[in-house]
Amino acid sequence: MSWTRGPLTLLAVCVLLAGAAGCGSGDARERGSGVSPTPVGTLLEDRDPEGRPYRQVARRDAPDVGIEVQPDAAGGWDVRLTVRKFRFSRAGAADAAVAGRGLAHLYVDGRLVTRLRASEYRLAAHLVPRGTHHVTARLYADDGTPWAVDGRPVESTADITASEPGPGAPPSATAPGEARTHAADARSRIGGRGSPDRAGKAS
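Treat the numbers as computed from the prediction; the structure is a model and nothing was measured.

A. Fine view of the overall build of the chain. When helices and strands are tallied, the chain shows two helices and 13 strands. The buried share of the chain, taken over its 203 residues, is 39%. Residue pairs in contact within the chain that sit at least 24 positions apart in sequence constitute 64% of those at least 6 positions apart. On the chain, roughly 11,500 Å² of surface is accessible, and the fraction owed to carbon and sulfur atoms is 54%.

B. Seen up close, the packing of aromatic side chains. Taken as a whole and assessed by the stated rule, the structure comprises one aromatic pair. Measuring from centroid to centroid gives 5.4 Å for F86 and F88, while their planes differ by 90°, and the two rings are edge-to-face.

C. Spotlight on the pattern of salt bridges. Evaluation of the coordinates by the stated rule reveals ten salt bridges. Sharing partners across several salt bridges, the network here consists of D48, E50 and R52.

D. Geometry of the pairing of strand β6 (residues 101-108). Of all the eight residues making up β6, seven are buried; the element is thus mostly covered by neighbouring parts of the structure. In terms of strand pairing, strand β5 (residues 87-88) meets β6 through two bridges, oriented parallel. Counted as the bridge partner of F88 is G102 from β6. As judged from the six bridges shared by β6 and strand β9 (residues 131-140), these two strands associate in the antiparallel manner. By the bridge assignment, L103 is partnered in β9 with Y140. Bridge count between β6 and strand β7 (residues 111-116): five bridges; the pairing is antiparallel. Opposite H105, over in β7, you have R115 as the bridge partner. In sequence, β6 turns back onto β7 through a hairpin of two residues, with D109 there showing a positive phi of about 55°.

E. Region of interest: the sheet that holds strand β1 (residues 42-47). Across the sheet, four strands lie side by side as β1-β2-β10-β11; this open sheet has mixed pairing. The open sheet is flanked by β1 and β11 (152-153), the only strands paired with a single partner. Taken together, the two bridges between strand β10 (residues 147-149) and β11 define a ladder with antiparallel strand orientation. For A148, the partnering residue across the bridge sits in β11 and is P153.

F. How the structure looks around the sheet that holds strand β4 (residues 77-84). If you walk across this open sheet you meet the three strands as β3-β4-β8, and the pairing is antiparallel. Sheet topology places β3 (64-71) and β8 (120-123) at the edges, where each strand pairs with a single neighbour. Across this sheet, the average inter-strand angle for adjacent strands is 20°, counted without regard to direction. Bridge count for β3 against β4 is eight bridges, and the pairing is antiparallel. Bridge pairing links I67 to L81 in β4.

G. Structural view of the nonpolar core. If you look at the biggest cluster of nonpolar residues, it comprises 29 residues, and the most contacted ones within it are I67, V69, L81, L106, L123, V135 and W147. Secondary-structure elements contributing two or more residues to this core are β3, β4, β6, β9, β10 and β12 (155-162).

H. Layout of unusual backbone geometry. Positive phi values are uncommon outside glycine, yet D109 reaches one of about 55°. Its location among the elements puts D109 in the loop between β6 and β7. Given a relative accessible area of 43%, D109 falls into the partly exposed group. A positive phi is found at D150, a non-glycine position, where the angle reads about 55°. Turning to its location among the elements, D150 is positioned in the loop between β10 and β11. On the basis of relative accessible area, D150 is assigned to the exposed category, the value being 55%.

Cut-off values and rules
Residues numbered from 1 in each chain as written. Predicted model: local features only at pLDDT ≥ 70, side-chain atom pairs only at ≥ 80, totals over all residues. Heavy atoms only, no water. Helix = DSSP H or I, 4+ residues; strand = E, 2+ residues; numbered from the N terminus. Buried < 20%, exposed > 50% of the residue type's maximum accessible area, 1.4 Å probe, protein only. Contact = heavy atoms within 4.5 Å. Areas by Shrake-Rupley, 256 points an atom, 1.4 Å probe, with all protein chains shown as cover. Phe/Tyr/Trp six-rings, centres within 6.5 Å; stacked < 30°, edge-to-face > 60°. Salt bridge = Lys/Arg side-chain N within 4 Å of Asp/Glu carboxyl O. Pairing = 2+ DSSP bridges. Axes fitted to C-alpha atoms, helices over the stretch in contact; angles between N-to-C directions. Core = buried A, V, L, I, M, F, W, Y, C linked by side-chain atoms within 4.5 Å.

Quick look at the structure:
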């Protein structure tokens, strides 16, 4: 009867290991046919300033962003984003594109200032010297690709002008100006407003 001991022992070992590593070619086929995450959107040849390809999604599924920038009493600028069909991911999120998730990159005159995982940020005064500047918020997936619609990144830009206030006069604000918004639906621009300069003149 000793001729059955080897095969039975092998069968027992195979059963014990099935949950962890599997046994035989059948298990290899199961591992190979596992369900993988569905790709989100289409990667385009066009790239952002950092060289990342745009991730294009259909207009109906695309996120949207608006930006508003206002001077604060301390000489800096308060930035507020308004998003739609989009949620900010927490730090440490998986390096993968998930529909409607990610972070925002904030630029001043095309220069990256910070990556945001929240809708509010304060720009220090030295980042916005005297003159007219463009503050842009662009939405990105967690894998670093910028969301895009119709070949254009989902972003919103506010034009602001920083000027020296008069003696003893604190920064002031009047009605904000209109931002240039490249978003999922330009007809329903969300929040996409610029802010006036510190002398009270609308940009």
